[in-house]
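Examination of the molecular architecture
Below, each chain spelled out in residue letters.
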Amino acid sequence: MLLLISPDSVEEAIDCAKAAEYLDIVDVKKPDEGSLGANFPWVIREIRDAVPADKPVSATVGDVPYKPGTVAQAALGAVVSGATYIKVGLYGCTTPEQAVEVMRGVVRAVKDHRPDALVVASGYADAHRIGCVNPLALPDIARRSGCDAAMLDTAIKDGTRLFDHVPPDVCAQFVRLAHEADLLAALAGSVKVADLGALTRIGTDIVGVRGAVCEGGDRNTGRIQPQLVAAFRAEMDRHAREHAASVAAAS
Ligand SMILES: O=C[C@H](O)COP(=O)(O)O
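Conventions and cut-offs
Residues numbered from 1 in each chain as written. Predicted model: local features only at pLDDT ≥ 70, side-chain atom pairs only at ≥ 80, totals over all residues. Heavy atoms only, no water. UniProt positions renumbered as here; feature names shortened; annotations may be inferred. Salt bridge = Lys/Arg side-chain N within 4 Å of Asp/Glu carboxyl O. Helix = DSSP H or I, 4+ residues; strand = E, 2+ residues; numbered from the N terminus. Buried < 20%, exposed > 50% of the residue type's maximum accessible area, 1.4 Å probe, protein only. Contact = heavy atoms within 4.5 Å. Polar contact = N/O pair within 3.5 Å; in protein donor to acceptor, adjacent residues only side chain to side chain. Near = heavy atom within 4 Å. Areas by Shrake-Rupley, 256 points an atom, 1.4 Å probe, with all protein chains shown as cover. Nonpolar A, V, L, I, M, F, W, Y, C, P; charged D, E, K, R; others polar.

- An unreviewed UniProt entry lists the chain under the name (5-formylfuran-3-yl)methyl phosphate synthase, with Kitasatospora kifunensis as the source organism.
- According to the UniProt record, the Catalytic activity (unreviewed entry) comment for the chain is "2 D-glyceraldehyde 3-phosphate = 4-(hydroxymethyl)-2-furancarboxaldehyde phosphate + phosphate + 2 H2O".

The following block contains the structure:
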């Protein structure tokens, strides 16, 4: 499982860089503009320069409206600025057809510029609270639009978590659907260390966190702490070892 960490500024990205050996992807966002709020192109560029070259930078394009042209152009901005994972939060899409239309535009805009960039279609575990597409529709949306990954995060950061809205067995179904469609499955949403066992067992490819590696567990007032990133990684590795041992014992 890959660890994606979301700093909100160049300063925090520099702290992430201090913990670079413990993380896999640095994800640029602007939390005060929403769960998948987009940051400025120059911030993406500065963060790209601040983190080691072998760590991919991801950027969120925003909690986007159903405006395919607008979103495609924003996605191009993110990839031109140096991000190689482009995440789109399908906030304003109320049907899978709308979501596919938006993501097709993003895939074309991104891959015309950089064919090896990965496009991530993100839905929300708490979609029922905001009226957007159902979480389990995401893998098919991602497949039909040519994306590389399907993701869930939470839209409303009020302390409720991924598993409060989409329990582990339904997340397992999400992962299975993504894998059947040849996609990476990414999960986030106030994920804590206690969730890592379940996330590992169901075969999650990427786990995204911010709050869990901020001081006081607070994604807004806390800052990312390199030692918390290291501790989170140690727990991920422990669960990976235990899971591998139990699979080996069962076979
Ligand atoms: O993409 C990952 C998100 O930034 C997760 O943030 P969070 O762990 O604070 O919900």
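1. Digging into the pattern of salt bridges
- Following the criterion strictly, the structure yields 23 salt bridges and no others.
- Across the pair Arg143 and Asp140 runs a salt bridge, and its minimum N-O distance is 2.8 Å. Remark: Asp140 and Arg143 occur in helix H6 (residues 138-145); sequence separation between them is three residues, near one turn of the helix.
- Members of the salt-bridge network, linked through shared partners, are Asp27, Lys29, Lys87, Asp153 and Lys157.

2. Re the UniProt feature "active site" (unreviewed entry) in the chain
- Cross-referencing UniProt, the feature "active site" (unreviewed entry) maps to Lys29 and Lys87 in the present numbering. With the annotated positions falling across 59 residues, the maximum pairwise C-alpha distance of 9.8 Å places them together in a single cluster.
- Along the chain, Lys29 turns up in the loop between strand S2 (25-28) and helix H2 (41-50).
- Overall, Lys29 belongs to the buried group, its relative accessible area being 2%.
- When sequence neighbours within four positions are dropped, the list of residues in contact with Lys29 reads Ser6, Pro7, Asp8, Ser35, Leu36, Gly37, Asn39, Thr60, Lys87, Asp153 and Arg219.
- For Lys29, the side chain forms a polar contact with the main-chain oxygen of Ser35, separated by 3.2 Å.
- Among the secondary structure elements, Lys87 is positioned in strand S4 (residues 85-89).
- Under the relative-accessibility criterion, Lys87 is labelled buried at 2%.
- In this structure, Lys87 is in contact with Leu4, Asp27, Lys29, Leu36, Ser58, Ala59, Thr60, Val61, Gly62, Val120 and Met151, ignoring residues within four places of it in sequence.

3. Here we look at the site of the ligand
- Near the ligand you find 16 residues, and of these Lys29, Lys157, Ser190, Gly211 and Arg219 are the closest.
- One of the side-chain nitrogen or oxygen atoms of Ser6 is found 3.0 Å away from an oxygen atom of the ligand.
- One nitrogen or oxygen atom from the main chain of Ser190 is found 2.7 Å from an oxygen atom belonging to the ligand.
- Contact with the protein chains covers 99% of the free accessible surface of the ligand, which is 300 Å².
- At the level of elements, strand S6 (149-153) and strand S8 (206-209) are the ones that each hand at least two residues to the shell around the ligand.
- Considering only residue class, the shell around the ligand consists of four nonpolar, five polar and seven charged.

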